[in-house]
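A look at the structure
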Amino acid sequence: MEKARAQWGNSLQFVFACISYAVGLGNVWRFPYLCQMYGGGVASVVVSFFLATYYNIINAWSFWYLFNSFQDPLPWSVCPLNANRTGYEEECERASSTQYFWYRKTLNISPSIRESGAVQWEPALCLMLAWMTVYLCILRGTESTGKVAYFTALMPYCVLIIYLVRGLTLHGATNGLIYMFTPKVEQLANPKTWINAATQIFFSLGLGFGTLIAFASYNEPSNNCQKHTIIVSLINSATSIFASVVTFSIYGFKATFNYENCLNKVILLLTNSFDLEDGFLTASNLEQVKGYLASTYPSKYSEVLPLMENCSLELELDTAVQGTGLAFIVYTEAIKNMEVSQLWSVLYFFMLLMLGMGSMLGNTAAVLTPLTDSEVISSHLPKEAISGVMCLVNCAIGLLFTMEAGSYWFDIFNDYTATLSLLLIVLVETVAVCYVYGLRRFGADLEAMTGCALNWYWKAMWACVSPLLIVSLFLFYLSDYILSGALQYQAWDATQGRLVTKDYPTHALAVIGLLVASSTMCIPLVALGTYVLRRLKRRDSAPVA
């Protein structure tokens, strides 16, 4: 007798699992960046496997920062003393305390991807902890995942609300919010603005990874998938805007703090250089006094001028950062200047951990579901063993990202694993459903399940708009890769205390090619294999004359 398939405890578990998966780190660290800048089957399993392999290192970094958040002062708030204890570390002085903690203390990053270096034991232990946590969450399948999803979906909203209240009361928060809601009209004519907007919502919802299909497979056939689709989509988009308000309020505080700190340095420099009375020079009369000093003491002013920083609130707000830079540098820069900074740091990295874990539950489900559904595998191994082997394999491969060059390999996986391949997967899925299986048959299936007939909107979106949009995105990314010339990456230069641009070496380009090909080639290869097997089966079953 066939074993009954596991199902969600109730439809709410399914919705929360989808929200927990869709509302991830991209809502916090990519959507705000875009606001700042512009105002199939086997293939899905392969992409999800790659994603799970590198994605959990973010949770490992979150664990590392969370553990360090209980120190007073925060370890990234000040530069450490040098070996002679006569001053600060030179690399930290050239960069900043937050950058130093990230690039040197956390990553211990190498100068280039050519220098792999050794495995760093602190991130490696945190990675093992992250995978152990994931394993415990998925141990009993939907029974455990559904319960964990309540927490991973709701907890980040609680923290975001707390941060919103705190962020809006910070000095300079309004500067960030005004910047966020002030449209750059000239960018509306830039096609890349709309391309990035479409790409953001495409990847934010997690289309093409197989996770949503895996989650949906545990539903009752009568589940109202249309209603849940609209709910998850609206909540995901609303969360992006909500998280951006929180981010820009804190970003405004950071920019204002840096701007005023810069002004104070200039005021101190001019006061000491021209023997001005203390308190005479202020932020309000600074430009006027600078003009007077330049005209009255031109030679002396020209000597002081190279030492003066160019202070601009607009430039501070224009500094666009996304990804790990926003999560582990910009936010920590703002947190260290808050009162009771340890509390805000713990809350922030705990939220980041919940967002990451929620997405990891979805990533692993996309891989585990076809494995546990396979009679060949499930007949020899129980579900717990399959989950354990997958986590162990992913953890072993993930140690690559804990090496000194691990951050560079993380960027490669993040940039090239799920871009072109995902677009191709979703395009094939859409064409297969609408034009191979047939839109009428698919609509009849949905009507039989939900009791509601499809209206013209869904048919138009699936048959015309979605394929055209996906093809446009695919061509844009393909042309962007071709026109960009040599593929490059950002490497940390310790001597300058900043990132520099370098070309990828040959072996890195080979890995990029394999990552893209391994997922995209699954579609034609599996299709060809299926076609050949069916032809052979027909030939064997044909009657002999």
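It should be noted that the structure appears before, not after, this text.
Throughout what follows, the structure given in this document is the object of discussion.

How each quantity is defined
- Residues numbered from 1 in each chain as written.
- Predicted model: local features only at pLDDT ≥ 70, side-chain atom pairs only at ≥ 80, totals over all residues.
- Heavy atoms only, no water.
- Helix = DSSP H or I, 4+ residues; strand = E, 2+ residues; numbered from the N terminus.
- Buried < 20%, exposed > 50% of the residue type's maximum accessible area, 1.4 Å probe, protein only.
- Salt bridge = Lys/Arg side-chain N within 4 Å of Asp/Glu carboxyl O.
- Axes fitted to C-alpha atoms, helices over the stretch in contact; angles between N-to-C directions.
- Left-handed = near helix turned anticlockwise from the far one by under 90°.
- Contact = heavy atoms within 4.5 Å.
- Nonpolar A, V, L, I, M, F, W, Y, C, P; charged D, E, K, R; others polar.
- Pairing = 2+ DSSP bridges.
- Patch = residues over 30% accessible without salt bridge, like charges linked within 9 Å, V, L, I, M, F, W, Y side chains within 5 Å.
- Areas by Shrake-Rupley, 256 points an atom, 1.4 Å probe, with all protein chains shown as cover.
- Expected span 1.5 Å × (residues − 1).
- Phe/Tyr/Trp six-rings, centres within 6.5 Å; stacked < 30°, edge-to-face > 60°.
- Lys NZ or Arg CZ within 6 Å of the ring centre and 35° of its normal.
- Core = buried A, V, L, I, M, F, W, Y, C linked by side-chain atoms within 4.5 Å.
- Disulfide = S-S within 2.5 Å.

**Quick word on unusual backbone geometry**
- With omega at 0 degrees, the peptide bond leading from D72 into P73 counts as cis.
- Structurally, the position occupied by P73 is in the loop between α4 (42–68) and α5 (90–94).
- Of note, N108 is a non-glycine position whose phi angle comes to about 45 degrees, a positive value.
- Positive phi is not limited to glycine here, since D275 has a value of about 50 degrees.
- When its relative accessible area of 67% is taken as the criterion, D275 is described as exposed.

**Description of the pattern of salt bridges**
- As enumerated under the stated definition, the model contains five salt bridges in all.
- A salt bridge links R104 to E91, with the nearest nitrogen and oxygen atoms 3.0 Å apart. A residue pair is termed long-range when its members are at least 10 positions apart, and R104 in helix α6 (residues 97–106) and E91 in helix α5 qualify at 13 residues. The pair R104 / E91 is uniform in exposure class, with both members buried.

**Examining the packing of helix α20 (residues 406–416) against helix α23 (residues 506–520)**
- Two numbers describe how α20 lies on α23: the axes approach to 10 Å, and their chain directions differ by 35 degrees. Crossing of α20 over α23 shows right-handed handedness. Of the residues in α23, those touching α20 at W409, I412, F413 and Y416 are H507, A508, V511, I512, L515 and V516.
- Its residues placed into classes, the contact of α20 with α23 shows nine nonpolar, one polar and no charged.

**Let's talk about the pairing of strand β1 (residues 488–493)**
- Pairing analysis gives six bridges linking β1 to strand β2 (residues 498–503), with the strands arranged antiparallel. Among the inter-strand pairings, A491 is bridged to a residue of β2, identified as V500.
- Connecting β1 to the antiparallel partner β2 that follows it, the hairpin turn spans four residues, and G497 within it adopts a positive phi of roughly 70 degrees.

**Considerations on a nonpolar patch on the surface**
- A surface patch of nonpolar side chains, about 500 Å² in accessible area, is lined by L528, Y531, V532, L533 and L536.
- Overall, the relative accessible area of 40% leaves L536 in the partly exposed class.

**Structural notes on helix α12 (residues 225–273)**
- Between its first and last C-alpha, α12 extends 71 Å over 49 residues, near the 72 Å set by a 1.5 Å rise per residue.
- Just downstream of α12 lies D275, where phi reads positive at about 50 degrees.

**A few points about the packing of aromatic side chains**
- A complete count under the given rule lists 34 aromatic pairs for this structure.
- For K254, the ring lying beneath its charged end belongs to Y251, and the centroid distance is 5.6 Å.
- For R441, the ring lying beneath its charged end belongs to Y437, and the centroid distance is 4.1 Å.

**Structural notes on the nonpolar core**
- Residues W131, Y163, F328, Y348 and I412 are the most contacted members of the largest nonpolar core, which totals 108 residues.
- Among all residues touching W131, those that are not within four sequence positions of it are A52, N56, M360, T364, M390, C391, N394 and C395.

**Description of the state of the cysteines**
- Counted under the stated rule, the structure contains two disulfides.
- A sulfur-sulfur separation of 1.9 Å characterises the disulfide bridge that pairs C262 with C311. The chirality of the disulfide connecting C262 with C311 is left-handed, given an S-S dihedral of about -80 degrees. Here C262 is found in helix α12, whereas its partner C311 is found in the loop between α14 (298–304) and α15 (313–318), with 49 residues between them in sequence.
- Residue C262 is classed as buried on the basis of its relative accessible area of 9%.
- When the cysteines of the chain that form disulfides are numbered from the N-terminus onward, they connect as 1-2, 3-4.
- Its sulfur unpaired, C395 is 8.7 Å from the next cysteine sulfur, which belongs to C391.
- Counting only cysteine sulfurs, C464 is the nearest neighbor of C434, a cysteine outside any disulfide, at a range of 8.7 Å.

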